[in-house]
Amino acid sequence: MENTFKNLKKENALKNRSTENNGEKFKEKHRSKDNKKKVRRQPFKLKPTATIDYKQVDILLAFSTEHGKIKSRRSTNLTLKQQRQLSKSIKRARYLHLLPFVTSVEN
C-alpha cells in the first residue's frame, strides 16, 4: 500500500511539472501579442485646459458622426469635463441652427 502511495505521488509530481512547462510555453508563444497596445487616434486634439464653444462649428463637426450623433467619450478620448462641454455646445449649436439635428444620407 505504501508503494502505491509513493507511485501516485511521483505521478502527480510529474503531471504538475508537465502542466507548469506547458503554461510557460503558452506564455512564451503569446507574449508578443500582449506587448502590443492599441493606439487610438483623436479626430481633433484638444488640450485638457481648452474650452469648447458652440460657435466653433468645425470642431463640433469633428466630434459628431455623419448622421449627426455625438461621438462617445471612449472614441474621442476626451476628459469627462470636455465631453460634457462638447455635448452642451453641440446641443446649443443645434438649437441655434448652426448644426443640423439629423443629416439624412441619400442613396
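Under an unreviewed UniProt entry, the name given to the chain is Small ribosomal subunit protein bS18c, and the organism recorded is Ectocarpus siliculosus. In the Subunit (unreviewed entry) part of its UniProt record, the chain is described as follows: "Part of the 30S ribosomal subunit." Under the Sequence similarities (unreviewed entry) heading, UniProt states for the chain: "Belongs to the bacterial ribosomal protein bS18 family."

1. Re the nonpolar core
The biggest cluster of nonpolar side chains holds ten residues, and these are Leu46, Ile52, Ile59, Leu60, Phe63, Leu78, Leu86, Ile90, Ala93 and Leu99. At the level of elements, helix H2 (57-62) and helix H4 (80-95) are the ones that each hand at least two residues to this core. At three residues, H4 tops the list of elements feeding residues into this core. Among residues more than four places away in sequence, those in contact with Leu99 are Val57, Leu60, Leu61, Ile90, Ala93 and Arg94.

2. Topic: the environment of Ile59
Within the element layout of this structure, Ile59 appears in helix H2. The class for Ile59 is buried, based on a relative accessible area of 11%. In this structure, the C-alpha to C-alpha distance between Ile59 and Ile90, residues 31 residues apart in sequence, is 9.8 Å.

About the criteria used
Residues numbered from 1 in each chain as written. Predicted model: local features only at pLDDT ≥ 70, side-chain atom pairs only at ≥ 80, totals over all residues. Heavy atoms only, no water. UniProt positions renumbered as here; feature names shortened; annotations may be inferred. Core = buried A, V, L, I, M, F, W, Y, C linked by side-chain atoms within 4.5 Å. Buried < 20%, exposed > 50% of the residue type's maximum accessible area, 1.4 Å probe, protein only. Helix = DSSP H or I, 4+ residues; strand = E, 2+ residues; numbered from the N terminus. Contact = heavy atoms within 4.5 Å.

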